[in-house]
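Spelled out, the chains give:
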Amino acid sequence: MLDRLSFPQPWLSLILFVTWQFLSDGISGGSLVLGLILAWAIPQMTQGFWPERPSFMRFWLMPKYLARVLKDIVIASFEVAALIISPRKPRPAFVCYPLELEHPLAISILASTISLTPGTVSADVSDDQRLLLIHALDTEDEQEVISTIRKRYEQPLLEMFK
Amino acid sequence: MNPFAEYAIAFLLLLGGAFTLIGAIGLARLPDFFTRLHGPTKATTLGVGAIMLSSVIYFTARGDGIGISEVLITVFLFMTAPVSANILAKAAMHIGVKTMDGTEGKPWEQ
């Protein structure tokens, strides 16, 4: 019974609460109450979907990683835009990427990053979570895609989740 | 309003509009389903991002305080775009959508 009244994901609850205050027009009694209800109800409802919490995470490395991803999103957009307008055909490829990351949360962050950055969309994770299937929009060399992702995104994430 | 702010807003609106348009053109022009996935996840993301940024500058320059809701919209968009792309790709692989000629590698089956 007491389980139902607790906050199983304190950080998620805090983020939800703060986000709700920003979304509503100014902080008022009503927004505080509704924010509390949401901060309690959403983690309760999604409890079953969350992977196990990583034992250790270097949060302070996150801003640097986010800055890099943001920069790459801008570059990626220009590249994709140029490819769409140019008359030549793209050279797409499916690439199997062997994952070094093991934690499910880290893998999902990597997959999201891949989807947002230059010419790649992550399509699927293998059942044993060792391979990531990536669709590259325009590439000549599979190995190059793999080594770029390894260097730019997986290494920082590995450091974060070690 | 500050002329610099006006130029910045105009520039960002144009940039955002251009990218959104190119994303739409890509949806029509690219040859197969998987390549079309790339348009909405990238070009359009930056397009909406630029429009949101111009909105932030507009409301800040008018003195209404910094528009945090625009920032939140951008964050939500960046969080949801990869998820929808991933689900679309999975669904396409599941029903075996054809890939264009010259695609290297194959989607796996499991």
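Cut-offs used in this document
- Every chain begins its residue count from 1, and numbering advances along the sequence as written.
- Just so you know, chain letters begin at A and ligand numbers begin at 1, following the order they were written in.
- A pLDDT threshold of at least 70 governs which residues receive local features in this predicted model, and a stricter bar of 80 or more applies before side-chain atom pairs are shown or counted, although totals over entire chains, interfaces and linings include all residues.
- To get the side-chain values, take all heavy atoms of the structure and skip hydrogens and water.
- UniProt positions are given in the numbering used here, feature names are shortened, and annotations may be inferred rather than shown by experiment.
- Under the DSSP-based scheme used, a helix requires at least four consecutive residues in state H or I and a strand at least two consecutive residues in state E, with every element numbered from the N terminus.
- Accessible area is worked out with a 1.4 Å probe on protein chains only. A residue is then buried under 20% of its type maximum, exposed over 50%, and partly exposed in between.
- Any two residues having at least one pair of non-hydrogen atoms within 4.5 Å are treated as being in contact.
- Areas reported as accessible are Shrake-Rupley estimates using a 1.4 Å probe. Residue values count occlusion only from the protein chains shown.
- Between N-to-C directions, angles span 0 to 180 degrees; the directions come from axes that are lines fitted to C-alpha atoms, helices contributing only their stretch in contact.
- In this scheme, roughly parallel covers angles under 35 degrees and roughly antiparallel covers those over 145, while 65 to 115 is roughly perpendicular and the rest are oblique.
- Helix crossings fall into two classes, left-handed where the near helix is turned counterclockwise from the far one by less than a right angle and right-handed where it is turned clockwise.
- Nonpolar residues are Ala, Val, Leu, Ile, Met, Phe, Trp, Tyr, Cys and Pro. Charged residues are Asp, Glu, Lys and Arg, and all others, Gly as well, are polar.
- Should DSSP find at least two bridges between two strands, the strands are regarded as paired.
- What pLDDT reports is the predictor's confidence in each residue, on a scale of 0 through 100.
- Nonpolar side chains (Val, Leu, Ile, Met, Phe, Trp, Tyr) within 5 Å and like charges within 9 Å form the patches, drawn only from residues with over 30% relative accessible area and no salt bridge.
- Basic side-chain nitrogens of Lys or Arg form a salt bridge, by our definition, when they fall within 4 Å of a carboxyl oxygen of Asp or Glu.

In the nomenclature of an unreviewed UniProt entry, chain B is known as Multisubunit potassium/proton antiporter PhaG subunit of Marinobacter pelagius.

If you check an unreviewed UniProt entry, chain A appears there as Multisubunit potassium/proton antiporter, PhaE subunit (TC 2.A.63.1.1) from Marinobacter pelagius. Taken from UniProt, the Sequence similarities (unreviewed entry) comment for chain A reads in full: "Belongs to the CPA3 antiporters (TC 2.A.63) subunit E family." In its Subcellular location (unreviewed entry) section, UniProt records this for chain A: "Cell membrane".

Asker: Quick question: what am I supposed to make of the overall build of chain B here?
Answerer: Helix and strand counts for chain B stand at four helices and zero strands. In chain B, the succession of helices and strands from N to C terminus is α-α-α-α. Considering chain B as a whole, with its 110 residues, one finds that 37% of them fall into the buried category. Taking all contacts inside chain B whose residues are at least 6 apart in sequence as the whole, residues at least 24 apart take part in 71%. Total accessible area on chain B stands at roughly 6300 Å², and carbon and sulfur atoms take up 70% of it.

Asker: Looking at this model, I keep getting lost on the packing of helix 4 (residues 62–85) of chain A against helix 6 (residues 142–160) of chain A. Mind explaining?
Answerer: Relative placement of two packed helices is described by the angle separating their axes and the distance separating the axes. Residues and elements named next belong to chain A. Two elements in contact, helix 4 and helix 6, have axes whose closest approach is 11 Å; the angle formed by their N-to-C orientations is 165 degrees. Looking at the two axes, helix 4 sits roughly antiparallel to helix 6. Pair helix 4 / helix 6 crosses with left-handed handedness. Listed contacts from helix 6 to Met62, Tyr65, Arg68, Val69, Lys71 and Asp72 of helix 4 are Lys151, Arg152, Tyr153, Pro156, Leu157 and Met160. Its residues assigned to classes, the contact of helix 4 with helix 6 shows seven nonpolar, no polar and five charged.

Asker: I would appreciate a short explanation of the pairing of strand 3 (residues 131–136) of chain A in the present structure.
Answerer: Consecutive side chains along a regular strand alternate between the two faces of the sheet. Residues and elements named next belong to chain A. Counting buried positions over the six residues of strand 3 gives five, a clear majority of the element. Strand direction decides the pairing type here: strand 1 (residues 93–98) and strand 3, joined by six bridges, are antiparallel. When the bridges of strand 3 are listed, Phe94 appears paired with His135. Taking the residues between adjacent antiparallel strands as the criterion, strand 2 (residues 120–125) and strand 3 are bridged by five residues, where Gln129 takes a positive phi near 60 degrees.

Asker: Even after reading the chapter, I still don't get the confidence of the model for chain A, so can you show me in this structure?
Answerer: Parts of the prediction with low pLDDT should not have their coordinates interpreted in detail. Confidence in the prediction of chain A, expressed as mean pLDDT, is 80, and 93% of residues score 70 or more. Mean pLDDT across the secondary structure elements of chain A bottoms out at helix 1 (residues 2–5) of chain A, with 66, and peaks at helix 3 (residues 29–46) of chain A, with 86.

Asker: Is there a simple way to think about a nonpolar patch on the surface in this case?
Answerer: On the surface, a nonpolar cluster with roughly 620 Å² of combined accessible area is contributed by A:Trp11, A:Leu14, A:Val18, A:Phe22, B:Ile66 and B:Ile68. In terms of residue count, the dominant contributor to the nonpolar patch is helix 2 (residues 10–23) of chain A (four residues). Residue placement: A:Phe22 occurs in helix 2. Judged by relative accessible area, which is 43%, A:Phe22 ranks as partly exposed.

Asker: Help me understand the side chain of A:Ser13 in this model?
Answerer: In this structure, A:Ser13 sits in helix 2. Apart from the residues within four sequence positions on either side, A:Ser13 is in contact with A:Phe7, A:Ala39 and A:Pro43.

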